[in-house]
Structures are given as structure tokens and as C-alpha cells.
Amino acid sequence: MIRLYNVSKTYAKSKTKAVEDLSLEIGAGEIFGFLGPNGAGKSTTIKMITGILTPDSGTIEIDGINIADNPIAAKSIVGFVPDNHETYETLKGIEYLNFIGTMYGVSTADLRAKIDEYATLFDLTDALPKMISTYSHGMKQKLSVIAALIHEPKVWILDEPLTGLDPQSAFQLKQLMRKFAKKGNTVFFSSHVIDVVEKLCDRIGIINHGKLVAVDTLKGLRANKRISLEKLFLTLTKNGEGQ
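The structure presented is a predicted model; accordingly, all values stated were derived computationally and were not measured.

Visitor: Account for the overall build of the chain, naming residues and giving values.
Guide: When its secondary structure is counted, the chain shows nine helices and ten strands. A principal-axis box enclosing the C-alpha atoms of the chain has dimensions of 50 × 40 × 35 Å. Counting the 243 residues in the chain, one finds 47% classified as buried. Of the contacts formed within the chain by residues at least 6 apart in sequence, a portion of 67% connects residues at least 24 apart.

Visitor: Which residues make up the pattern of salt bridges, and what values go with them?
Guide: Here the structure, examined in full by the defined rule, presents eight salt bridges. A salt bridge links arginine 203 to glutamate 30, with the nearest nitrogen and oxygen atoms 2.4 Å apart. Within this pair, whereas arginine 203 is found in strand 9 (residues 203-208), its partner glutamate 30 is found in the loop between strand 2 (17-26) and strand 3 (31-35), the two being separated by 173 residues in sequence. The residue lysine 114 makes a salt bridge to glutamate 152 at a minimum N-O spacing of 3.0 Å. With lysine 114 in helix 4 (residues 108-121) and glutamate 152 in the loop between helix 5 (137-149) and strand 7 (155-159), this residue pair connects regions lying 38 residues apart in the sequence.

Visitor: Can you break down the pairing of strand 8 (residues 186-190) residue by residue, with the values?
Guide: Remember that side chains alternate between the two faces of the sheet whenever the strand is regular. Counting buried positions along strand 8 gives five out of five residues, so the element sits mostly inside the fold. Here strand 8 shows a buried face lined by Thr186, Phe188 and Ser190 and a second buried face lined by Val187 and Phe189. Inspection of the sheet shows strand 7 paired to strand 8 by five bridges, in the parallel sense. Of the residues in strand 8, the one forming a bridge with leucine 158 is phenylalanine 189. With helix 6 (residues 167-182) bridging strand 7 and its parallel neighbour strand 8, the resulting β-α-β unit is right-handed.

Visitor: Break down the nonpolar core for me, with residues and values.
Guide: Of all hydrophobic cores here, the largest spans 51 residues; its most connected members are Trp156, Leu173, Met177, Val187, Phe189 and Ile204. Not counting chain neighbours up to four residues away, the residues in contact with isoleucine 204 comprise Phe32, Gly33, Leu35, Val197, Ala214, Val215, Asp216, Leu218, Leu221 and Leu229. Grouped together as the second largest cluster of nonpolar side chains are 24 residues, Ile2, Met48, Ile60 and Val78 included.

Visitor: Explain the layout of surface pockets to me, and be specific about the residues and the numbers.
Guide: By volume, the largest pocket is sized at about 850 Å³. If you go around the largest pocket, you meet 28 residues; those closest to its centre are Phe80, Pro82, Tyr96, Met103 and Tyr104. Counting residues per element, the ones that place at least two in the lining of the largest pocket are helix 1 (42-49), helix 2 (71-75), strand 6 (78-81), helix 3 (93-103) and helix 5. For the lining of the largest pocket, the class distribution of residues is 15 nonpolar, eight polar and five charged. Counted as a void, the second largest pocket has a volume near 200 Å³. Lining the second largest pocket, in full, are Lys114, Glu117, Tyr118, Leu149, Glu152, Pro153, Lys154, Leu176, Lys179, Phe180, Lys183 and Asn185. Where the lining of the second largest pocket is concerned, the elements lending two or more residues are helix 4 and helix 6.

Visitor: Give me the packing of aromatic side chains: which residues, what numbers.
Guide: Tallying each qualifying case throughout the model produces five aromatic pairs. Clustering of aromatic rings is evident, with ring pairs tying together Phe32, Phe34 and Phe188.

Visitor: Lay out a nonpolar patch on the surface in plain terms, naming residues and giving numbers.
Guide: On the surface, Tyr88, Phe99, Met103 and Tyr104 cluster together into a nonpolar patch covering about 420 Å² of accessible area. Here tyrosine 104 shows up in the loop between helix 3 and helix 4.

Visitor: Run through the packing of helix 3 against helix 5, naming residues and quoting values.
Guide: It is the contact of helix 3 with helix 5, at a shortest axis distance of 9 Å, that shows an interaxial angle of 25°. As summarised for this structure, helix 3 and helix 5 are arranged roughly parallel, according to the angle between their axes. Seen along the crossing, helix 3 lies across helix 5 with a hand that is right-handed. When helix 3 is examined against helix 5, the residues Gly93, Tyr96, Leu97 and Ile100 are found in contact with a partner set consisting of Leu143, Ile146 and Ala147. Of the residues contributing to the contact of helix 3 with helix 5, the split by class is six nonpolar, one polar and no charged.

Rules and cut-offs
Residues numbered from 1 in each chain as written. Predicted model: local features only at pLDDT ≥ 70, side-chain atom pairs only at ≥ 80, totals over all residues. Heavy atoms only, no water. Helix = DSSP H or I, 4+ residues; strand = E, 2+ residues; numbered from the N terminus. Buried < 20%, exposed > 50% of the residue type's maximum accessible area, 1.4 Å probe, protein only. Contact = heavy atoms within 4.5 Å. Salt bridge = Lys/Arg side-chain N within 4 Å of Asp/Glu carboxyl O. Pairing = 2+ DSSP bridges. Right-handed = clockwise from strand over helix to strand, strands pointing away. Core = buried A, V, L, I, M, F, W, Y, C linked by side-chain atoms within 4.5 Å. 1 Å grid on protein atoms, 1.4 Å probe; cavity = no way out; pocket = protein on both sides within 12 Å on 5 of 7 lines; lining within 4 Å. Points joined across faces, edges and corners; volume = space filled by probe spheres on them. Nonpolar A, V, L, I, M, F, W, Y, C, P; charged D, E, K, R; others polar. Phe/Tyr/Trp six-rings, centres within 6.5 Å; stacked < 30°, edge-to-face > 60°. Patch = residues over 30% accessible without salt bridge, like charges linked within 9 Å, V, L, I, M, F, W, Y side chains within 5 Å. Areas by Shrake-Rupley, 256 points an atom, 1.4 Å probe, with all protein chains shown as cover. Axes fitted to C-alpha atoms, helices over the stretch in contact; angles between N-to-C directions. Parallel < 35°, antiparallel > 145°, perpendicular 65-115°, else oblique. Left-handed = near helix turned anticlockwise from the far one by under 90°.

Listed below in C-alpha cells is the structure:
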């Protein structure tokens, strides 16, 4: 569902590659956890997958669609929850969701049903008529999650989605991720909360200094060693070298 072939990215004022020769395949029905220290290349990778950044070299495909050749088609099947949850704060919550749904071509009936479903799930119904500028951090995060799902994407990309969520909403989000993947969709999940990644993800990738240093199931990464994912992560990222 998501394929990256030899993808690299360097920022204009840096001689060091933010992402270097990264190749990765993530299948349908999979929850994929993406780990790395600050500055390792996680957000850069995500921004290239979602089309926010253009790679210097390499190819990215979403459900077989080359994002460079057909960016609109590729983006139309992706739901993205960014780490900064930027929204139009001069809009009301319901106005923002209606705007997003209309942009993706969701019918009025389907849009209303999806908004009702997810707003109820995340206890946001009473806040939707209010200006987004009045929302707390957690409320904006919930709004971003709903906005990423109302067009029923095939690929759901989440960058630090648990930040600011209360325990009940975090639980609901994790349940949604499992439900989403069971339908044959793909979840790409970046987080610093290693315990959640360990419990939730089918496979895990670890990036450091722009290079993918490990990709496997948790069992495969451990290689029968009785250590936690946290200790394994710290070992793999200590000097920027994989196993």
C-alpha cells in the first residue's frame, strides 16, 4: 500500500541528508510503527509520503500511484494527522470538517454521518459549533483525527497522534487504528510512546540519522532476546548503526 524506493532528501542549508536512500514497503491491513530520535528523519519521511515535501531522489507510491506523477490521486486516498494539528482557527469546528469533507468530495449525507459518528466517539459534539481558536490542544488533536477519517481513506498516517489526548480518547484512537487496519487499510504510525508502538504495531521501523536501521516484527527485531523495545531502540540509535 505504501512503497518507498531509494528515497533521499536534503534541506537547502544542510550538507547532511535528512533521509538517505530509504526503501520501505508497508502492506494493506498493517499497522506500521515508525520510531526514531528527534531529528532522525521521521517527520521528513512522513512529509514526503503525504506530498508536503518532494524527495530529491527516489520514488514513493501510495496504493500503486506514483505521488510525483499523480499527486492528487495519491493524496485523495490518504488521511493525515500531523504532529502540529494546524487548522483554520477562524472557523468553527463543524465548518472546518464540512470544508474538509467537501474538498474530498464526500456526499452531504455521508459527511453528516461521519461527523456525528466520530464527534460522538471523541466527545467533541458540543464543541463543534464553537470557534477552533477556543479549543484546547487535545480538542484540536481530536478534530484533526476526525478530519483525517471522514473521507474513508485507504491509508492513515499519524505523526505523534496521542499528544494531548486524554486516556479515554487515546484508547478510542488505538481502537480505531486496529479497526481501520482490519478492513484491509494501512496505518503508518509515528510516535515517541514506545510502549504503545510495542503493543499496537504489526511491524516496526527504526530510523536514525536519516537511515533505516531496522525493519521487522517485534519478535524479529528482538531476535529471541528478552529485552524491551525501548532498550532495543536505544541500542540501535546510540551510534546510528543497525544490527
